[in-house]
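Residue-level listing of the chains:
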Amino acid sequence: QSVLTQPPSASGTPGQRVTISCSGSSSNIGSNTVNWYQQLPGTAPKLLIYSNNQRPSGVPDRFSGSKSGTSASLAISGLQSEDEADYYCAAWDDSLNVPVFGGGTKLTVL
Amino acid sequence: QVQLQESGPGLVKPSQTLSLTCTVSGGSISSGSYYWSWIRQPAGKGLEWIGRIYTSGSTNYNPSLKSRVTISVDTSKNQFSLKLSSVTAADTAVYYCAREAPYCTNGVCYPYFDYWGQGTLVTVSS
């Protein structure tokens, strides 16, 4: 049981816009920033979004993040086949004093 | 470009100690305000943070693993290491090392993992 809650799966067709939600509590998302990681099949996670909505260099602007209260979202516009991956949200938890992750959302491009 | 590479035995017997090393290249492990972390992922499951170390030697561990975990750093070799004792089958996972960077705003810093190793599978089995 992950501390942050994500839907186990999401899907979309090429060119579509999809969003992935991440729900937490006041001790994590409510009081800290949210990061998103993309894990392509058989590879290590890669930083996609940090501090709620900041993109590292090299990440396409098709990827965007937002946060409101104790929830966060990752949006992917202009969906491409290479976006098929697992996506994880993460945030520091002030009560547990550890970084916590969501259970991951498997994105399928139909 | 910073790169991290995990190394260590891929098979550990139950009750023994799992030992892994992460070698950092492309930059000094001592430079900047970074923590160096270990994270694991059982097959088909999510990510679990194990712990971290600062180059001063200061450590933080996940309370769920704290009694069994030791993380150390060797700045002369640009490496940091993980030891997990009394392992069971539940410790079978891909183990990643990662750099934790701070995003600071208004005097508060929030961490994120910006560089990851490729991961190494450790299986606990007799």
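Here is a short report on the structure shown in this document. As the structure is a computational prediction, the values presented were derived from the model and not from experiment.

## Thoughts on the nonpolar core
Core analysis: the largest hydrophobic core is formed by 40 residues, its most contacted members being Trp36 and Tyr87 of chain A together with Trp116 of chain B. Here this core takes six residues from strand S7 (residues 85–93) of chain A, the largest share from any one element. Apart from the residues lying within four places of it in its own chain, the contact partners of tryptophan 116 of chain B are Tyr37, Ala44 and Pro45 of chain A together with Leu4, Ile39, Leu47, Tyr96, Cys97 and Ala98 of chain B. Counting residues in each nonpolar core, the second largest holds 25 residues, with Leu4, Cys22, Ile53 and Leu84 of chain B among its members.

## Quick word on the sheet that holds strand S1 (residues 3–7) of chain B
Backbone hydrogen bonds hold the strands of a sheet together, and the pairing may be parallel or antiparallel. Residues and elements named next belong to chain B. Read from one edge to the other, the open sheet built from four strands follows the order S1-S3-S8-S7, with strand pairing classed as antiparallel. A strand with exactly one partner marks an edge of an open sheet, and here the two such strands are S1 and strand S7 (69–74). Each neighbouring strand pair of the sheet contributes to a mean axis angle of 20°, computed without reference to strand direction. Across six bridges, the pairing between S7 and strand S8 (residues 79–84) is antiparallel. Looking across to S8, one finds that isoleucine 71 is bridged to leucine 82.

## Quick notes on the packing of aromatic side chains
For the structure on display, the rule yields 13 aromatic pairs over all chains. Considering the side-chain rings of tryptophan 36 of chain B and phenylalanine 80 of chain B, the 5.8 Å spacing of their centres and the 50° angle between planes classify their relative orientation as tilted. A residue pair is termed long-range when its members are at least 10 positions apart, and tryptophan 36 of chain B in strand S4 (residues 35–41) and phenylalanine 80 of chain B in strand S8 qualify at 44 residues. Judged by its relative accessible area of 0%, phenylalanine 80 of chain B falls in the buried class. Grouped by ring-pair contacts, the aromatic residues Tyr37 and Phe101 of chain A together with Tyr96, Phe113 and Trp116 of chain B constitute a single cluster. Over the face of the ring belonging to tyrosine 35 of chain B we find arginine 52 of chain B, whose NZ or CZ atom lies 3.8 Å from the ring centre. Just above the ring of tyrosine 34 of chain B sits the side chain of arginine 99 of chain B; from NZ or CZ to the centre is 3.6 Å.

## Brief notes about the pattern of salt bridges
Side-chain pairs of opposite charge can arise whenever the charged atoms involved come near each other. Residue and element names in this part refer to chain B. A complete count under the given rule lists six salt bridges over all chains for this structure. Close ionic contact of arginine 40 with glutamate 48 constitutes a salt bridge, the shortest N to O distance being 2.8 Å. For arginine 99, the salt bridge is made with aspartate 114, and the minimal N-O distance between the two is 2.6 Å. Placement of the pair is arginine 99 in strand S9 (residues 93–105) and aspartate 114 in strand S10 (residues 108–116), with a sequence separation of 15 residues. We note that arginine 99, like aspartate 114, is buried. The network of salt bridges with shared partners includes Arg40, Glu48, Arg68 and Asp91.

Scoring rules and cut-offs
- Residues numbered from 1 in each chain as written.
- Chains lettered and ligands numbered in written order.
- Predicted model: local features only at pLDDT ≥ 70, side-chain atom pairs only at ≥ 80, totals over all residues.
- Heavy atoms only, no water.
- Core = buried A, V, L, I, M, F, W, Y, C linked by side-chain atoms within 4.5 Å.
- Buried < 20%, exposed > 50% of the residue type's maximum accessible area, 1.4 Å probe, protein only.
- Helix = DSSP H or I, 4+ residues; strand = E, 2+ residues; numbered from the N terminus.
- Contact = heavy atoms within 4.5 Å.
- Pairing = 2+ DSSP bridges.
- Axes fitted to C-alpha atoms, helices over the stretch in contact; angles between N-to-C directions.
- Phe/Tyr/Trp six-rings, centres within 6.5 Å; stacked < 30°, edge-to-face > 60°.
- Lys NZ or Arg CZ within 6 Å of the ring centre and 35° of its normal.
- Salt bridge = Lys/Arg side-chain N within 4 Å of Asp/Glu carboxyl O.

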